[in-house]
Amino acid sequence: MSTASAPPRPAQQLAEPRLGWLGRPDVQRFEVAWLTAFHLLVAAGMLLAPRSQIIGPSTSAIFGFIPLPVWVVWFTLAALVAAVAVHRFTPARLAATWTAVLPLAAAWIVGFAFGVGDGRGNVLGLIVWISHLVWWLTLAARLYLGGPEARWGGA
Amino acid sequence: MGWRLIWLAEAPIAPSGGDSEAVTVALIAALGTVLVALISWAGSRGARTSPSPPVPDPQLGDRLKVVEIHDEDDRRTLAQLDKHVDGIGDRVERIRWDLDHVMKRLDRLIEQLDPDGGP
């Protein structure tokens, strides 16, 4: 009479969601690296391009209260903390990255939306920024769900 | 360093958007930062106060001894039940053998009473 049964699976293995290839650390590291590059490029663009090509009807609300140098510093800082997070995912580094990146994207979306609402804005810029924000939100969620060591704000 | 001089020398372009819109963007940027930082902080706090591993039971040894005793009792009971079932099997076999024997004798008696086998 055999009473042997299969060993119980670890509770953590049952609790963690399956993220597929989107949950692979190398894919997520590439995405954060791309985020870093994007913010560096925007900072460099704001720094190097003539102001007439940056501040226009589409972005007037964005640069109306917060001046361009502040945005340059913000984008550069966001790129720096994201680069540090690319080096090694830790909760603190990822939290700093999202704290720098997500409000910035939200502010730019609202700024572009004001321009579009006024009838003089650029709807493509709005679409690009919304797409980026959705992408980064899903990336943040995947990193949070990916495991205890990858949880921003985790242990 | 020429680019920097050009950038600094450029005349600032006055934003054409409304003041309230610009303030809204700035508020979203500032409050959003605070909000995300708060969410991160709350998340880290929640993770730190996640349930700690269970404390080892000080009476675990005693409990294990009791379980071992029960296990031994169960084994003994099972062995006795196994013997009992074997005995029942032997008795059933004997009864079957007796029944076969009786049936054969019955057939023989029927043949003696009615050798033709007719109705």
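Below you will find a few notes about this structure.

Examining the overall build of chain B
From N to C terminus, chain B includes three helices and zero strands. Each helix and strand of chain B, placed in order from N terminus to C terminus, yields the pattern α-α-α. Burial statistics for chain B: of 119 residues in total, 9% are counted as buried. Just so you have it, chain B exposes about 10300 Å², and 63% of that area is on carbon and sulfur atoms.

Some details on the nonpolar core
Nonpolar side chains tend toward joint burial in soluble globular proteins. If you look at the biggest cluster of nonpolar residues, it comprises 45 residues, and the most contacted ones within it are Met46, Trp71, Trp98, Trp108 and Trp129 of chain A. For this core, the elements supplying multiple residues, two or more each, are α2 (25–48), α3 (62–65), α4 (68–87), α5 (91–118) and α6 (123–145) of chain A together with α2 (19–48) of chain B. A per-element tally of this core places α5 of chain A first, with 11 residues.

Let's talk about the environment of leucine 137 of chain A
Residue and element names in this part refer to chain A. Along the chain, the position of leucine 137 falls in helix α6. Among the residues examined, leucine 137 registers a relative accessible area of 43% and is labelled partly exposed. When the C-alpha positions of leucine 137 and tryptophan 98 are compared, they lie 8.7 Å apart, and in sequence the two are 39 residues distant.

Here we look at the packing of α4 of chain A against α5 of chain A
All names here are of chain A. It is the contact of α4 with α5, at a shortest axis distance of 8 Å, that shows an interaxial angle of 145°. Here α4 runs over α5; the crossing is left-handed. Residues Trp71, Trp74, Phe75, Ala78, Val81, Ala82, Val84, Ala85 and His87 of α4 form the contact with α5, whose participating residues are Arg93, Leu94, Ala96, Thr97, Ala100, Val101, Pro103, Leu104, Ala107 and Trp108. Along the lines of polarity and charge, the residues of the contact of α4 with α5 split into 16 nonpolar, two polar and one charged.

Calculation rules
Residues numbered from 1 in each chain as written. Chains lettered and ligands numbered in written order. Predicted model: local features only at pLDDT ≥ 70, side-chain atom pairs only at ≥ 80, totals over all residues. Heavy atoms only, no water. Helix = DSSP H or I, 4+ residues; strand = E, 2+ residues; numbered from the N terminus. Buried < 20%, exposed > 50% of the residue type's maximum accessible area, 1.4 Å probe, protein only. Areas by Shrake-Rupley, 256 points an atom, 1.4 Å probe, with all protein chains shown as cover. Core = buried A, V, L, I, M, F, W, Y, C linked by side-chain atoms within 4.5 Å. Axes fitted to C-alpha atoms, helices over the stretch in contact; angles between N-to-C directions. Left-handed = near helix turned anticlockwise from the far one by under 90°. Contact = heavy atoms within 4.5 Å. Nonpolar A, V, L, I, M, F, W, Y, C, P; charged D, E, K, R; others polar.

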